[in-house]
Amino acid sequence: MSTSLHDLDAAGLLAAATEAEQAARLAEVHKLQVLSAWAAVHSTDPTEGPEGHVARRVGNVLRQVGGEGTPGVQDFCLGEIALARGAGVTATQHMLADVLDLQHRLPLTWAVCRRGEAEVWVARRVAKLSRHLPLTRVGVVDSAVSRMIGTEGIGRVLEVAAAKIIEADPALHDEACEAERQRRYVGLSRTDEHGLRTLFARLDAGDAVAVDAVVSRVAEILEPLHLDEHPEELRAIAFGWLARPAELFTLLLEHTTSEAEPVPGPEPDEPDEPVAARALAFPADLLDALGKVDLTPLAPKAVLHIHLHEAVLHGTEGVARVEGLGAVTLTRLAELLARTSLKVQPVKDLSDRVRLTAYEHPESLRDQVHLVTGGDYWPWAGSTSRHVDLDHPTPYDHGDDERDPPPDQTGSHNSGPLGRQHHRWKTHAGYQSRQCGEGRYVWLTPHGLGFLVDHTGTHRIHPEKARMILDAPPGVDLYPM
C-alpha cells in the first residue's frame, strides 16, 4: 500500500521531491522520444515513386524542421500528432525540431537529459539557440553544455551556451546580427484579465531613445493632472498619447516652453529666462497658424468589433468582448471609446441562416461565420484572426458535365474558418469534418482520432461517434450529442 505524503517526515518529503522532479524530467524525455519515433515513421520522401507527382502537387514534401544534419519529416504528418497531443501544430513542430537537434546535433547534452539529470527545457533552449550553426561547428556547444547542464545553475548554462555559439562561428554570428537588424518589429501581447496589453518593439537605438524622450516630455506635461499616479504609470499614460497624434500635437504645441539648460557660450549679461526647448521650438507665427488647423484628419481610423448580449442594451449588467482586446466591463468600454468619432455598423443577427448557391463565400457570410466560431475551427487551434480561409466542412460538390452543383452547399450551415496550413491538410491529407450545428464541428483524423469543436473548445470523442455524425444523411439534426 502506498504511503501518503501526509505520513512522511521532513526527510521523506525531501526524498519525494527529488523523485518527483526526476520523474517529471524523464516524462518530458519520453514525450520527446515519442515525437522522434513518429518522425522516423514519416521520414521517407513521399515525392519519390509513382505517386510522387501527387505529393508534390498537394505539398506533402519532406521538411527539415531541425538544424543541419537532422532528418526530414513529411509535412502531412505534423497535424495528426499535434491533435493526439492536444496541442497546437506550431508548438508540436518546435518540440520536434528540438528533439531532432538534441539527438543528431547535441548527443552529449541529450544523454544527460535521458538520465534525468538536467531540465529538458534548458536543453531545448540550447538546441533552438544553436540551430543555425553548421553541423561541423555545433559540437563546440554540445561539449561545453553537456559538462555543466546537470550541475550548474540555469542562468550560467545559458550564458556559456550563448558564448560558445559565438565562438563556434564568429563570422556567422556577425551575419546573424545583421540579419536581426532586418527583423525590427512592433508587437502586442494578448489582452490580460484586467484589459491591459503589453506593447514591445525592436527599434534602432536612436529611434528608441527619441520615442522615450517624447514619452518623458508628455509625462512631464501631464504630471500636474496625475499627481496620484506612480511615475511609471504616468509614463504609460503618456505613451498612450502616441496613439492620438492630433491630440498629442496639440498638447506639445500648447506646452512649447520649458526650463531649458543655457546654451554653452559667453556669459550672458542677464539671467536666463525660460526659453523654448530647442527640440520643441516653433516660431510664433507658425504656432498661431498651426493652432487654427483642423487636426481631426490626423486621428487614427479603425474598425472595432464589439460583442454585447442583447440584454446589456436594455440595462442589464454585463461584459463586452472586444476583438483583439478581450473581455471588458462597460465602464472600460466607455473609456475605450472616449474621444472617438463613432460610426455604428449594422448589427448581424447570428440566428439567421444564410444559404447560397455559389462556391465562394461573400464577405457578409464570412463575417457571420467568424462571429459564430470566433476563429480557426481546427481542433485546439489558437488563432482568432479574420485573415483565414473559409472552408466547406462537407466538401463542395462542383457537379460535372452532366449535372450542375447541388444547391445550398455554401452557407452558415456549411462554413468554417481554417488557417491555410490546416485547410491544406484537411483537403489533401485524409481528414474528414462536418458541421453539426452553429459553430459546432466534428473531425476524424486519418488514423481514426475523433474530435468535437464548439464554443466550449475541443473535446475528444469516440471515433465511432464521429463516424456516425459524418455518415448521417443530410437533414438529420446532428446538434444533440
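Residues numbered from 1 in each chain as written. Predicted model: local features only at pLDDT ≥ 70, side-chain atom pairs only at ≥ 80, totals over all residues. Heavy atoms only, no water.

Visitor: Which residues make up the overall build of the chain, and what are the values?
Guide: Scanning the chain for helices and strands turns up 17 helices and 17 strands. Taking all 481 residues of the chain together, the buried fraction comes to 32%. Partitioning the contacts of the chain with sequence separation of at least 6, the portion at a separation of at least 24 is 56%. On the chain, roughly 29600 Å² of surface is accessible, and the fraction owed to carbon and sulfur atoms is 56%. (Helix = DSSP H or I, 4+ residues; strand = E, 2+ residues; numbered from the N terminus. Buried < 20%, exposed > 50% of the residue type's maximum accessible area, 1.4 Å probe, protein only. Contact = heavy atoms within 4.5 Å. Areas by Shrake-Rupley, 256 points an atom, 1.4 Å probe, with all protein chains shown as cover.)

Visitor: An account of the sheet that holds strand β14 (residues 432-435) is requested, with residue identities and associated values reported.
Guide: One open sheet holds the 4 strands; their spatial order is β14-β15-β16-β17, and the pairing between them is antiparallel. Two strands lie at the open edges of the sheet, namely β14 and β17 (457-461), each paired on one side alone. Sheet twist, expressed as the mean angle between neighbouring strand axes with direction ignored, is 20°. Judged from the 5 bridges that link them, strand β16 (residues 450-454) and β17 form a sheet pairing that is antiparallel. Across the sheet, L452 pairs through a bridge with H459, a residue of β17. Its contacts with the sheet put helix α17 (residues 463-471) on β14, β15 (441-444), β16 and β17, and the angle it makes with β15 is roughly 115°. (Pairing = 2+ DSSP bridges. Axes fitted to C-alpha atoms, helices over the stretch in contact; angles between N-to-C directions.)

Visitor: Go over the confidence of the model for the chain with me, naming the residues and quoting the values.
Guide: Summary statistics for the chain give a mean pLDDT of 82 and a share of 79% for residues scoring 70 or more. Mean pLDDT values over the elements of the chain span from 39, in strand β6 (residues 275-276), up to 97, in helix α5 (residues 107-114). (pLDDT = per-residue confidence, 0-100.)

Visitor: Please provide a residue-by-residue account of the packing of aromatic side chains, values included.
Guide: Aromatic rings in a pair are described by how distant their centres are and how their planes are angled relative to each other. In total, this model carries 8 aromatic pairs according to the counting rule given. Geometrically, the ring pair formed by Y377 and W443 is tilted, given 5.2 Å between the ring centres and 35° between the ring planes. Note that Y377 is positioned in the loop between α15 (363-373) and β11 (389-391) and W443 in strand β15, a separation of 66 residues in sequence. A single burial state applies to Y377 and to W443, both of which are buried. (Phe/Tyr/Trp six-rings, centres within 6.5 Å; stacked < 30°, edge-to-face > 60°.)

Visitor: Residue-level account of the nonpolar core, with values.
Guide: Judged by nonpolar contacts, the single largest core of 51 residues is most densely connected at L96, I149, W378, W425 and W443. For this core, the leading source of residues is helix α4 (residues 89-104), giving 7 residues. Setting aside anything within four residues of it in sequence, one finds I149 in contact with T109, V112, A118, E119, V122, A123 and V157. If you look at the next biggest cluster of nonpolar residues, it comprises 11 residues, including V218, L222, A238 and L252. (Core = buried A, V, L, I, M, F, W, Y, C linked by side-chain atoms within 4.5 Å.)

Visitor: I'd like to hear about helix α16 (residues 420-428), residue by residue, with values.
Guide: Among all positions of α16, only H422, H423, W425 and K426 are buried. Angular distribution of buried residues about the axis of α16 spans 165°; they occupy a single face of the element. The inward-facing, buried residues of α16 abut α3 (77-85), α4, β11, β13 (416-418), β14 and β15. Looking one or two residues past α16, G430 carries a phi angle of roughly 95°, positive in sign. (Arc of directions from axis to C-beta.)

Visitor: A description of the side chain of D391 should follow, citing residues and the corresponding values.
Guide: Within the secondary structure layout, D391 lies in strand β11. The exposure class of D391 is buried, given its relative accessible area of 4%. At a separation of 3.2 Å, a polar atom in the side chain of D391 contacts the side chain of K426. (Polar contact = N/O pair within 3.5 Å; in protein donor to acceptor, adjacent residues only side chain to side chain.)

Visitor: Talk me through the packing of α4 against α5; I want residue IDs and the actual numbers.
Guide: Where α4 contacts α5, the two axes come as close as 6 Å, and the packing angle between them is 110°. One element, α4, and the other, α5, form an angle in the roughly perpendicular class. Contacts between α4 and α5 involve V99, L102 and Q103 from the former and P107, T109 and W110 from the latter. Residues that form the contact of α4 with α5 fall into these classes: 4 nonpolar, 2 polar and no charged. (Parallel < 35°, antiparallel > 145°, perpendicular 65-115°, else oblique. Nonpolar A, V, L, I, M, F, W, Y, C, P; charged D, E, K, R; others polar.)

Visitor: An account of the pattern of salt bridges is needed here, citing residue identities and associated values.
Guide: On inspection of all chains with the given rule, the structure shows 25 salt bridges. Between K31 and E28 there is a salt bridge, and its shortest N-O distance comes to 3.2 Å. Within this pair, K31 and its partner E28 are both found in helix α1 (residues 10-41), separated by 3 residues, close to a single helical turn. We classify K31 as partly exposed; its relative accessible area is 38%. Beyond isolated ion pairs, a larger network of salt bridges with shared partners links D98, D101, R105, R124 and R131. (Salt bridge = Lys/Arg side-chain N within 4 Å of Asp/Glu carboxyl O.)

Visitor: Can you break down unusual backbone geometry residue by residue, with the values?
Guide: In the Ramachandran plot, W380 falls in the positive-phi region, its phi being about 65° despite a non-glycine side chain. Residue position: W380 is located in the loop between α15 and β11. Its relative accessible area of 28% is what places W380 among the partly exposed residues.

Visitor: Give a detailed account of the pairing of β14, specifying residues and quantitative values.
Guide: Taken together, the 4 bridges between β14 and β15 define a ladder with antiparallel strand orientation. Paired with Q435 across the strands is Y441, a residue of β15.

Visitor: Lay out a nonpolar patch on the surface with the relevant residues and their values.
Guide: Together, V186, L188, L199, L203, V211, V214, F239 and L242 make up an exposed nonpolar region whose accessible area comes to about 620 Å². Of all the secondary structure elements, the ones that give two or more residues to the nonpolar patch are β3 (185-188) and α10 (205-222). Counting through the fold element by element, L188 comes out in strand β3. (Patch = residues over 30% accessible without salt bridge, like charges linked within 9 Å, V, L, I, M, F, W, Y side chains within 5 Å.)

Visitor: Any chance you could break down the packing of helix α6 (residues 120-129) against helix α8 (residues 154-168) for me, citing the residues and the numbers?
Guide: In the contact formed by α6 and α8, the axes pass within 10 Å of each other and the chain directions differ by 20°. Classed by the angle they form, the pair α6 and α8 counts as roughly parallel. Every pair of crossing elements has a handedness; the one defined by α6 and α8 is right-handed. Residues W121, V122, R125, V126 and L129 of α6 form the contact with α8, whose own contacting residues are I154, V157, L158, A161 and I165. Residue composition of the contact of α6 with α8, grouped by class: 9 nonpolar, no polar and 1 charged. (Left-handed = near helix turned anticlockwise from the far one by under 90°.)

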